Amino acid sequence: MQYDLVIRNGDVVDGSGLPRHRADVGVRRGRIATVGRVRERGATEIDAEGHVVTPGFIDGHTHMDAQVLWDPLGTCSCYHGVTSVVMGNCGFTLAPARADERHLVVRNLERAEDISPDAMAQGVEWTWETFPEYLDTLDRIPKGINYAAHIGHSALRTWAMGERAFEEEASPDDLAVMARELRDALRAGAIGFTTSRTTNHETADDRPVASRLAAWSEVEALVGVMGDVGAGMFEIAQEPAARSTDPEVRAEFFGRLRSLATSTGVPMTFGVLATTRDGEDWRGQLDLIDSTARAGGQMWAQAHSREFSVMLSWKTRLPFDVLPEWREVRALPLEEQSAALRDPELRARLVRAAHEGDYGRAIGAEARKPNYNWIRILEQPVPPNPTVAERAAELGKDPVDVMIDLALATNFEQFFVQIIANRDPEHLLSIMKHPRALVTFSDSGAHVSQIMDSSLQTHLLAHWVRDREAFTLEEAVRNLTFAPATAWGFADRGLVRPGFVADLNVIDPARVAPAMPEVRSDLPGGAKRLVQGATGIRSTIVGGEELLADGKHTGALPGVLLRR
């Protein structure tokens, strides 16, 4: 047999969770043809001695709906071994959108997901109105990795209701329009339907995003359409009730979700973060998932792999930016900010304001009023990293002065991480270890100047597998590959087995890790975003073609649209 690609001498961690084994992998016409001893030469060969060969990683929670139109490579996900992403989460999509109402879908995205409207205006060539037309656009454009697309509730509401989507509940006629477009989207290959009911999602003018105006009966009706079609995953950004301290409020909401899952047969998924110190919020959600399974429904938890944090830096955003005393200084070029921060009188005013100022209410991943016990100094990309409060106590300095000193000493390169969830690592480990949890909550493509979680896969391998030994490599790889492939119905991906699509990684388990993040102005129009690479990934292969070699793009763009 003639092979297009042979990966030799590696240890295959095949995604099933079974122990690794020594084998070559032969690829022909984009699919795995042989796993074992390959005697024939391949047109291309990769020596994987000292490395493991895994399936490509699958990220089920991204917002790359706009980015895919200007970034064919799929950064930063591709740098961390991700070969397939699911986008359109939390009800936010670019379709459907009528030509004269595109600003409505942009309104849903710009603040809730920190996606620049200017970047979208310059980087998105609108060639669609309906969701099937959007899928056809994705099919045509070049892609480095594979993309699957949910259809979002907020976009569906604006399609049916226009401005009224931000003001009122849907009428029966409105709901009929939504149901028709949802049905068409699913039949055209949409991977599922998503919604948001969380108060963390607001527009730039402080209104709820469109899906939050929906009555629960509207959600039930639309998920019912999925049940009738017999296709799709339902993803929800949950109501505040999921984390309520009132057990009756929690029970009522969880009962609605459980009933919807069991009555429609539609699989469901949502993010699970430990947002309280006692852990009551996440334990209740995992109990819901288990009780739903016992009742005959399917639910999956989306877990993170580290403290859920907002990235802070002088080059991007700081909590202090909302304070009047800081606003004038922060508007200056960095060189002038440097001079201003060295003025003792001005600096004293800024430090005082940082402690006494009114920070208002933060939404989503926006920086919030600082607690210096929960702001870490990012000295290295994986733990441990000290908190600002710890460093301030060591030096006998004010914590704001510590942040300013570090910024000046590094020419404003220093990053800080403001932790807003998953504070207790043991709680986080319990979430990740749950048998129905998937480590797949990167938000890649969104929060571009606020967070950098495209690296959660390499963080899992570096910190939890190698440093903490809390997972075996086989367990972690299964969680990143076969488990999400099963949840989202990718029947021919997620395993290194003959017949499966050749989406693969060649990884050095002793070196794999995230790199330090950096700030780049490479969005359309020059807007800033956070970027993070990785170390220890020798090769990432998509559809049998090498996409990245030692983190560098080979020039190939083998990705495809994954239609259900």
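See above for the structure.
Residues numbered from 1 in each chain as written. Predicted model: local features only at pLDDT ≥ 70, side-chain atom pairs only at ≥ 80, totals over all residues. Heavy atoms only, no water.

J.: Hey, could you run me through the state of the cysteines in this one?
T.: Among covalent bonds in proteins, the disulfide is the one between the sulfur atoms of two cysteines. Under the definition given, this model contains zero disulfides. For the unlinked cysteine C76, the closest cysteine sulfur is that of C78, found at 7.5 Å. (Disulfide = S-S within 2.5 Å.)

J.: Would you mind showing me how to read the environment of L547 here?
T.: Here L547 lies in strand 23 (residues 545-549). On the basis of relative accessible area, L547 is assigned to the buried category, the value being 0%. Considered as a pair, L547 and C90 are 457 residues apart in the sequence and their alpha carbons are 29 Å apart. If near-sequence neighbours (up to four positions away) are discounted, L547 is found in contact with L73, C78, G144, I145, T540, I541, V542, K552, H553, T554, A556 and P558. (Helix = DSSP H or I, 4+ residues; strand = E, 2+ residues; numbered from the N terminus. Buried < 20%, exposed > 50% of the residue type's maximum accessible area, 1.4 Å probe, protein only. Contact = heavy atoms within 4.5 Å.)

J.: I tried to follow the environment of T137 on my own but got confused; where do I start?
T.: Along the chain, T137 turns up in helix 3 (residues 131-140). Residues T137 and T127 lie 10 residues apart in sequence; the distance between their C-alpha atoms is 7.0 Å. Those residues within four positions of T137 in sequence are excluded, and the remaining contacts are L69, T127 and W128.

J.: Teacher, can you tell me more about empty space enclosed by the protein here?
T.: Which parts of space are left empty comes out when a probe the size of a water molecule is rolled across the atoms. Taken as a whole, this structure holds four cavities of 30 Å³ or more when the rule is applied. Taken together, 17 residues line the largest cavity, and the ones lying closest to its centre are S444, G445, A446, M452 and S454. Of the residues in the lining of the largest cavity, the class split is seven nonpolar, seven polar and three charged. Looking at the second largest cavity, its volume works out to about 70 Å³. Lining the second largest cavity are A66, Q67, W70, I115, S116, A119, G445, V448 and L523. Considering only residue class, the lining of the second largest cavity consists of six nonpolar, three polar and no charged. (1 Å grid on protein atoms, 1.4 Å probe; cavity = no way out; pocket = protein on both sides within 12 Å on 5 of 7 lines; lining within 4 Å. Points joined across faces, edges and corners; volume = space filled by probe spheres on them. Nonpolar A, V, L, I, M, F, W, Y, C, P; charged D, E, K, R; others polar.)

J.: Hey, could you run me through the pattern of salt bridges in this one?
T.: A side chain of one charge can pair with a side chain of the opposite charge when the charged atoms of the two come close. According to the stated counting rule, one finds 41 salt bridges in the structure shown. As a salt-bridge pair, R391 and E394 come within 3.3 Å of each other at their nearest N and O atoms. With R391 and E394 both in helix 12 (residues 388-395), this residue pair falls three residues apart, about one helical turn. For R391, a relative accessible area of 18% gives the class buried. The class of E394 is exposed, set by a relative accessible area of 58%. Through salt bridges with shared partners, one network takes in R111, E202, D206, R361 and E366. (Salt bridge = Lys/Arg side-chain N within 4 Å of Asp/Glu carboxyl O.)

J.: I keep staring at unusual backbone geometry and nothing clicks. Help me out?
T.: Among all residues save glycine, negative phi is the norm, and among peptide bonds the norm is trans. A cis amide bond links T75 to the next residue, C76, at an omega of 5°. Inspection of the secondary structure assignment puts C76 in the loop between strand 6 (57-59) and strand 7 (82-87). The omega angle of the peptide bond from A95 to P96 is 0°, so this bond is cis rather than trans. For P96, the position within the fold is in the loop between strand 7 and helix 1 (102-110). For D206, which is not glycine, the phi dihedral falls at a positive 65°. If you trace the backbone, D206 turns up in the loop between strand 9 (192-196) and helix 6 (216-229).

J.: Is there a simple way to explain the pairing of strand 8 (residues 146-152) in this structure?
T.: A regular strand places its side chains on the two faces of the sheet in alternate fashion. The element strand 8 is extensively covered by neighbouring structure, given that seven of its seven residues are classed as buried. A two-sided burial pattern is seen for strand 8, the buried positions comprising N146, A148, H150 and G152 on one face and Y147, A149 and I151 on the other. Pairing of strand 8 with strand 9, which is carried by three bridges, proceeds in the parallel orientation. What sits directly across from I151, in strand 9, is F193. (Pairing = 2+ DSSP bridges.)

J.: Help me out: how do you make sense of the pairing of strand 17 (residues 504-507) in this one?
T.: What you see with strand 17 is no split at all: L504 and V506 on one side and N505 and I507 on the other are buried throughout. Bridge analysis of strand 5 (residues 52-55) against strand 17 gives four bridges, and the strand direction is antiparallel. Bridge pairing links V53 to V506 in strand 17. Alignment of strand 17 against strand 22 (residues 537-542), held across four bridges, turns out to be antiparallel.

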